[in-house]
Structures are given as structure tokens and as C-alpha cells.
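Understanding the architecture of this molecule
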Amino acid sequence: MKPPPPATSDTSQAVTPNALREQYEAGATVDELVAASGLSYGTVLNRLHDAGTAMRTSWQTRRMRQNPQARQRLAAHLRTLYEKHGATLSELAAAAGETRRGARRLLIEAGGAVRTTQQTLQVRAAARAAERNKVALSLRARYEAGATVPDLAREHSYSIATVYRLLHQAGTRMRPQHHHGPTHAPRKQP
């Protein structure tokens, strides 16, 4: 957003503090005012201060210039990731291309509440337990359809012990175990 050039004559005295303030409050940066007015950076700052201008930080200027609807969509998306999927602030920052602080600000703007580390660990543990239960129920369905434990272990890259544990967790009624392999002749009594 380029500010309109100040409507003044070529002299630096004609660029009034109030004119600079109006442009600044409309979203222009100090650098843009310097380029448009031909004044030095320090002179522009002094005139803004003389006019009683409340100065912004660079992130406030970026935020002011962003498309509000796009920002709201991003904030809502981050809140969903945070609350439903247990994402951390660092993960939100990576997803949004922001800093952790920026991601936190977006989360709060969307109405989200920031968790403690302990709460995040609990959310993640619950998500892992739900996923494990889903896998266990899937294994149970395959087992009850006739698949063997070694087959399930190979298909899912689990150990046989893990498959047994997940089947037991799902409440699976186990078939009698078979010993696969060569049969041994019974020993002769002497």
C-alpha cells in the first residue's frame, strides 16, 4: 500500500506534521513517508512525534496491511490444529510461516486458549491412545475374518507380541494357538 504523496510544495517546511500523521495512521510506513516527502528519516519521525502520533511496531504495520479475511481463516485453521490435533505453538508457527509469538497471537485472536506444557502432553497422549485403539479394532476385525497373528504382524510391520497386545486391548477372543512347523514323532519309552 503506497501512501499518496503529501500535497505540499517542494520545501520541507510545507510537509506538516498533521499531514504526515494522517498518512501514517492510514497505513504508510516511516520509510514510505521519507520516500514520498523527500525529508530525512529523523525529520519525519520528529514531525510524527510533534503531531502526537502513536507509533506502530513493524508487525503491527504488517498486521494492519493483511487481508483481514485471510488472517481470520489462518487463525481459525491454527486453532483447529491446536485444539483438535494437539499441535504445539512451534508447529503452528511452522504451519503459518510465523514466529511462535505470532502463532500464539493468531491463536488468541481466533478465541483459542493457550495450553500449558502438561496439558499439551495430555492432549497428545489421548490422541495416541485413540489412534492405538483404532489400530487395535482394525486388527481385531482382520483377525476375526481369519487372518493369523503372524500375517497381521507382517502386514503392519509390528512384532507378534505387539499384535497380541493390541488384539487383547481390543477385547478379541483368541483362537487356540497352532504350532506351525514340522511335527515331531512322539518319543519312544525305553
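Residues numbered from 1 in each chain as written. Predicted model: local features only at pLDDT ≥ 70, side-chain atom pairs only at ≥ 80, totals over all residues. Heavy atoms only, no water.

1. A word on the overall build of the chain
Helix and strand counts for the chain stand at ten helices and zero strands. For the chain, the N- to C-terminal ordering of α and β elements is α-α-α-α-α-α-α-α-α-α. Here the chain holds 190 residues, and 27% of them are scored as buried. Look at the contacts in the chain between residues 6 or more apart in sequence, and 56% of them connect residues 24 or more apart. In the structure as shown, the chain presents an accessible area of about 13000 Å², 53% of it carried by carbon and sulfur atoms. (Helix = DSSP H or I, 4+ residues; strand = E, 2+ residues; numbered from the N terminus. Buried < 20%, exposed > 50% of the residue type's maximum accessible area, 1.4 Å probe, protein only. Contact = heavy atoms within 4.5 Å. Areas by Shrake-Rupley, 256 points an atom, 1.4 Å probe, with all protein chains shown as cover.)

2. Notes on the side chain of arginine 71
Tracing the chain through its elements places arginine 71 in helix α5 (residues 68–84). By relative accessible area, arginine 71 is classed as buried at 12%. Of the polar contacts made by the side chain of arginine 71, one reaches the side chain of glutamate 109; its length is 2.7 Å. The contacts of arginine 71, once residues within four sequence positions are left out, are Arg63, Gln66, Leu106 and Glu109. (Polar contact = N/O pair within 3.5 Å; in protein donor to acceptor, adjacent residues only side chain to side chain.)

3. Considering the side chain of serine 37
Along the chain, serine 37 falls in helix α2 (residues 30–37). Within polar-contact distance, the side chain of serine 37 engages the backbone nitrogen of leucine 39 at 3.1 Å.

Read these as geometric descriptors, not functional statements.
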